[in-house]
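Overview (structure and organization)
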Amino acid sequence: MRLAAALLGLCLATPAWADCPLDLGRGMGWVVYSDHYLMAFRSDPARIEVGEPFALVLNVCTKSGAPAELLAVDAQMPDHRHFMNYRASIKSNGDGRFRAEGMLFHMPGRWEITFDVRAGEESERLTHDIILK
Amino acid sequence: MIRFLLLVSMLALWAGGAPAQPLLDWTAEEIRTVRQHGPWPPPPARDPSNRVSGTPAGIALGEHLFNDPRLSGDGRMSCATCHQAGREWSDGLAKGKGAVDLDRRTPSLWNIGYLHWFGWDGAGDSLWAQSIRPLLDPREMNGGAARPGELLRSDRALACGYEKAFGEKPGPDDERLLVDTAKALAAFQATLVSPRTPFDDFRDALVAGDRERAARYPLAAQRGLKLFIGEANCNLCHLGPRFTNGEFGDIGIPFFVRPGEVDPGRLGGLARLAASPFNLLGKYNDDATGASTRRTRHVQRQHSNFGEFRVPGLRQVGRGGPYMHNGSVPTLEDVVKHYSEVSPDRLHSDGTPLVRPLGLTTEQSADLVAFLRSLDADPPPAPAPAPKSLCP
């Protein structure tokens with residue numbers, strides 16, 4: 001609830017973000033943001049299973065309203081310092097939406113997903129943790 | 001009085017099967033974790049890249065070919081020479097013996113249809129592609145690429161079986177017939193599903209909340225299972241119903257095959273995968289959707305792959321052995337000892353090591369072995385021998 005209120009406040013305070021579609025079609029997912037970027041994403045399929053490939057469907061917005069680019073998506077287990085055995089490929093829909101295909105978490109535990117985003121000359125890395133059981 | 005008590009005890013045994021023992025306390029989190037190791041058996045494996053996967057005619061042809069030594073160069077070795085039904089679909093040797101002595105152990109074929117990577121180094125991305133390798137490898141069956149085609153065209157029964165499975169007579173394209181032979185072999189191998197075990201009965205009872213039935217599972221196995229999913233963290237890699245994540249790891253087994261020569265494991269396997277004309281990105285993949293290619297398209301070759309080998313499933317593990325990719329560990333007790341005493345210096349881990357010396361007590365080691373042996377069961381009655389003729 002606090003997160004929703006914070007996001008609502010954030011969107012109201014930043015007009016460009018108010019237009020950023022956070023619903024990716026299934027009414028579920030995650031939102032990450034920084035001073036410059038707001039990003040919503042969900043997995044496809046909705047439930048991530050250990051050892052099974054999945055994709056991420058993402059929407060990337062900027063505070064300025066400028067178009068953003070998703071450069072790379074990767075994931076690692078910080079506790080064990082290893083990455084995925086797979087490299088995601090990214091397809092752009094051209095409207096701020098992206099699909100990262102070929103993700104696979106091969107162990108249960110904490111995975112840190114990293115998103116490299118860029119708008120113009122400014123690039124940034126956003127992160128989000130997922131605990132996989 | 002004593003006679004009366006004995007009689008009561010015997011009646012209790014007769015009525016309830018094995019005597020009930022105390023059931024350890026299982027937390028909700030532990031039950032959730034145990035639940036993930038089932039149910040068993042899973043639905044039959046189907047491979048969309050193989051158009052005869054799961055088809056009776058494909059399986060029947062594959063079983064015939066699996067036992068046919070004419071596929072080898074000297075006409076003396078079939079797939080069944082190394083993958084023997086009576087030896088858990090392996091050969092019981094530390095290292096395989098093909099046309100020459102090999103450097104790796106013959107892997108069991110139990111539950112192989114559920115894998116995504118094949119061979120100890122994962123050089124195969126489908127069971128049919130993996131089945132081509134020993135046919136051609138001069139160190140193994142050394143059959144040559146033209147041998148399956150010659151056999152399918154010249155043997156009336158096989159030709160008929162081929163037509164039933166693939167819907168056409170064997171044609172002149174030897175490479176196509178090599179691939180189709182491998183696809184029939186894969187269809188047969190995918191039917192090799194290990195039986196239900198005492199662990200499965202325990203898992204089902206625990207999940208269902210049936211304490212009485214769960215308590216029939218030996219206490220040592222219960223303690224070993226708690227270790228397996230708890231302190232020892234074995235289920236980080238040995239997870240799911242097959243007790244494997246299907247990926248690769250370095251657990252500190254020496255990778256020298258002889259002085260000056262190493263087995264690079266997954267690193268070499270990925271190079272061979274990329275170079276193979278039979279990988280899932282090639283023209284022989286029958287899956288028009290492309291979904292079966294996801295792992296192959298996205299897998300990345302990393303330096304850390306050096307010395308990694310496929311995480312084996314653990315069902316029927318106590319009946320197999322020797323253990324590890326090179327058969328260097330003779331018994332299940334020795335496997336547990338390895339994990340108890342493995343040298344951290346050998347593993348080069350930066351973060352929290354996935355494999356670390358567990359420092360198990362004698363009792364803990366015995367408990368872990370007891371749990372692992374509860375993943376064994378007598379195989380189902382030997383399948384009826386393949387009919388002499390593939391066609392009436």
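Everything quoted here is computed from the prediction, not taken from an experiment.

This next bit is on the sheet that holds strand β3 (residues 54–62) of chain A. Residues and elements named next belong to chain A. The strand order β1-β2-β3-β7-β6 describes an open sheet built from five strands, whose pairing is antiparallel. The open sheet has two free edges, formed respectively by β1 (30–33) and β6 (89–92), since each of these has just one partner strand. Taking the axes of each pair of neighbouring strands and ignoring which way they run, one obtains an average angle of 25° across the sheet. By the bridge criterion, five bridges tie β3 to strand β7 (residues 97–103) in an arrangement that is antiparallel. Its bridge partner lying in β7, Leu56 is registered against Ala100.

A few words now on unusual backbone geometry. Residue and element names in this part refer to chain B. Note the cis peptide between Trp40 and Pro41, where omega equals 0°. Examined against the element boundaries, Pro41 turns out to sit in the loop between α2 (28–35) and α3 (56–66). You will see that Asn142, though not glycine, has its phi angle at about 55°, which is positive. Structurally, Asn142 can be placed in the loop between α5 (127–136) and α6 (147–154).

This next bit is on the UniProt feature "domain: Cytochrome c" (unreviewed entry) in chain B. Under the UniProt annotation, the feature "domain: Cytochrome c" (unreviewed entry) is placed at residues 57–186 and 219–376 of chain B. The straight-line gap between the two end C-alpha atoms of residues 57–186 of chain B is 12 Å; of that span, 43% is helix and 0% is strand.

Time to look at the domain arrangement of chain B. All names here are of chain B. What the domain assignment lists for chain B is domain 1 (21–41 + 196–264 + 312–379) and domain 2 (44–193 + 266–306). Placing the centre of domain 1 and that of domain 2 at their C-alpha centroids yields a distance of 29 Å. With 16 residues of domain 1 in contact, the opposing surface of domain 2 contributes 23 residues.

Residues and elements named next belong to chain A. Judged by pairing direction, the sheet is antiparallel, and its four strands sit side by side in the order β5-β4-β8-β9 without closing on themselves. In this open sheet, the two edge strands, each paired with only one partner strand, are β5 (82–83) and β9 (122–132). Of the pairings in the sheet, the one linking strand β8 (residues 109–119) to β9 comprises 11 bridges and is antiparallel in character. Counted as the bridge partner of Thr114 is Thr127 from β9.

Residue and element names in this part refer to chain B. Among all positions in helix α14 (residues 332–341), only Leu332, Val335 and Val336 are buried. Looking straight down α14, one finds that the buried residues subtend no more than 95° of arc, so they occupy a single side. Residues of α14 that are buried sit in contact with α16 (362–373).

The rules we used
- Residues numbered from 1 in each chain as written.
- Chains lettered and ligands numbered in written order.
- Predicted model: local features only at pLDDT ≥ 70, side-chain atom pairs only at ≥ 80, totals over all residues.
- Pairing = 2+ DSSP bridges.
- Helix = DSSP H or I, 4+ residues; strand = E, 2+ residues; numbered from the N terminus.
- Axes fitted to C-alpha atoms, helices over the stretch in contact; angles between N-to-C directions.
- UniProt positions renumbered as here; feature names shortened; annotations may be inferred.
- Domains from an automatic or database assignment.
- Contact = placed C-beta atoms within 7 Å.
- Buried ≥ 20, exposed ≤ 12 C-beta atoms within 10 Å, placed from the backbone.
- Arc of directions from axis to C-beta.

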